[in-house]
Structure formats: structure tokens, C-alpha cells
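If you want the building blocks of each chain, they are given just below.
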Amino acid sequence: MKTIVAIDIECYTNYFLVCCKTLDGKEFVVEMHNDNRDISADRALRTILHKHTIVTFNGNYYDMPMMHAYLSGFNNRDLKVLSDDIIVNNIAPWKLSDRHPRLRRFPVDHIDLTGVTPLQASL
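Residues numbered from 1 in each chain as written. Predicted model: local features only at pLDDT ≥ 70, side-chain atom pairs only at ≥ 80, totals over all residues. Heavy atoms only, no water.

**Digging into the sheet that holds strand β2 (residues 15–22)**
Using the following cut-off: By this definition, two strands are paired if DSSP reports at least two bridges between them. Each helix corresponds to a stretch of at least 4 residues labelled H or I by DSSP, and each strand to a stretch of at least 2 residues labelled E; elements are numbered beginning at the N terminus. Between the N-to-C directions of two axes lies an angle of 0 to 180 degrees, each axis being a line fitted to C-alpha atoms and, for a helix, fitted only over the stretch in contact. Only heavy atoms matter for contacts: two residues are in contact if any of them lie within 4.5 Å across the pair.
Spatially, five strands are ordered β3-β2-β1-β4-β5 in an open sheet, and the strand pairing comes out mixed. The outermost strands of the open sheet, each flanked by one partner alone, are β3 (27–33) and β5 (109–112). For this sheet the average axis-to-axis angle between neighbouring strands, irrespective of direction, equals 25°. Where strand β1 (residues 4–12) and β2 come together, eight bridges link them in antiparallel fashion. Following the sheet pairing, Asp8 is matched in β2 by Cys19. Seen against the sheet, helix α1 (residues 39–51) touches β1, β2, β3 and β4 (53–56) and runs at an angle of roughly 135° to β3. Contacts from helix α3 (residues 76–87) reach β1, β2 and β3 within the one sheet, and its direction differs from that of β1 by about 100°.

Dropping the structure here:
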């Protein structure tokens, strides 16, 4: 059985954050500030996505497209534009590639809790 890893993402104009936490409390964080990436952290994040079951809240509509964009090489500005397209412009996830052609999707074992708790506002 794969380990469950909860993931949450935050995005600002010059800062991008991926927080990962296992059920036993182990944490892993990936940050990009002013387009500065830590390549080893990127590799570790890819490993987490490949080897574990990812759990999010509203991840199908926000966290996973943002994660895919980050791993596709988007810089801070591009990530913020994508984030605004999702949140402000309410662009559906299946239409994001039309507006952001560099966006690539990667296979991930993912559970979005929004579907199981449709009346909840957040985590």
C-alpha cells in the first residue's frame, strides 16, 4: 500500500510553495522565490508524486494543475497567472492547456477530498 501524502499549494507573485505531509507527521516543503528553484527538491517532489498517494482538497481544480505547471517549468509569474486563471477567471482545469500550452500533466495517484465532502468550504 502506498503512503498517503497530503499536499497544499500557495501561490503569490514572487513565491510558490508546495507543502507535503504524511499521516505520521513527516513534512516536506518545496519553495520557489523570485524564480529560484532547488533542483534536488524538484526531484524529491517528483519522487513523492510517483511513489505515494496524493490527497488534496479541491486538488482537481487547483493544486494538481498548479503542481503540474510547476513541474512543467513555469516561473513565479507564470504560476501566478495560472493561479489567477483558476481562481479569478474561473477557468476549468480541462481548458487550462488552451491558455497555457506549456502545461504538461504527469500521472499521479490522487484523491481529491472535495468529492467526498462537497458541503465543506475548506480543509
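Once you've had a look at it, read on.
**Focus on the nonpolar core**
Quick reminder of the rule: Residues belong to one nonpolar core when they are buried, are Ala, Val, Leu, Ile, Met, Phe, Trp, Tyr or Cys, and are joined through side-chain atoms within 4.5 Å. Residue burial is assigned from relative accessible area. The probe radius is 1.4 Å, only protein chains are included, and a residue is buried under 20% of its type maximum, exposed over 50%, and partly exposed in between.
With 28 residues, the main nonpolar core has Ile7, Phe16, Val18, Leu45, Met66 and Leu79 as its most contacted residues. Elements with a minimum of two residues in this core: β1, β2, β3, α1, α2 (63–71) and α3. Ranked by the residues each element gives to this core, the list is headed by α2, at six residues. What Met66 contacts, discounting residues up to four positions off in sequence, is Ile9, Cys11, Phe16, Leu79, Leu82, Ser83 and Ile86.

**Quick look at the layout of surface pockets**
The gaps left among the atoms become clear once a water-sized probe is rolled over them. Just so we agree on the cut-off: Every definition here rests on a 1 Å grid over the protein atoms only: cavities are sets of points where a 1.4 Å probe fits but cannot get out, pockets are open sets enclosed by protein on both sides within 12 Å along at least five of seven lines, and lining residues have some atom within 4 Å of a point. Grid points are joined across faces, edges and corners, and a volume is the space filled by probe spheres set on the points. As a working rule, the residues Ala, Val, Leu, Ile, Met, Phe, Trp, Tyr, Cys and Pro are called nonpolar, Asp, Glu, Lys and Arg charged, and the rest polar, with Gly in that last group.
Its volume calculated, the largest pocket comes out at about 190 Å³. Each residue belonging to the lining of the largest pocket can be placed in one class, and the counts come to eight nonpolar, two polar and no charged.

**Details of α1**
Since there are 3.6 residues in each turn of an α-helix, residues three or four apart along the chain are aligned in direction. The condition is simple: Each residue after the first adds 1.5 Å to the expected span of a helix. To obtain the arc, one takes the directions from the helix axis to the C-beta atoms.
Between its terminal C-alpha atoms α1 stretches 18 Å, which fits the 18 Å expected from 13 residues at 1.5 Å a residue. Buried residues of α1: Ala41, Asp42, Leu45, Ile48 and Leu49, and no others. When α1 is viewed along its axis, its buried side chains cluster within an angular range of 120° and face the same direction. Exposed side chains of α1 directed beyond 90 degrees from the buried face belong to Arg43, His50 and Lys51. Buried residues belonging to α1 abut β1, β2, β3, β4 and α2.

Treat this as a map of the structure, not an account of what it does.
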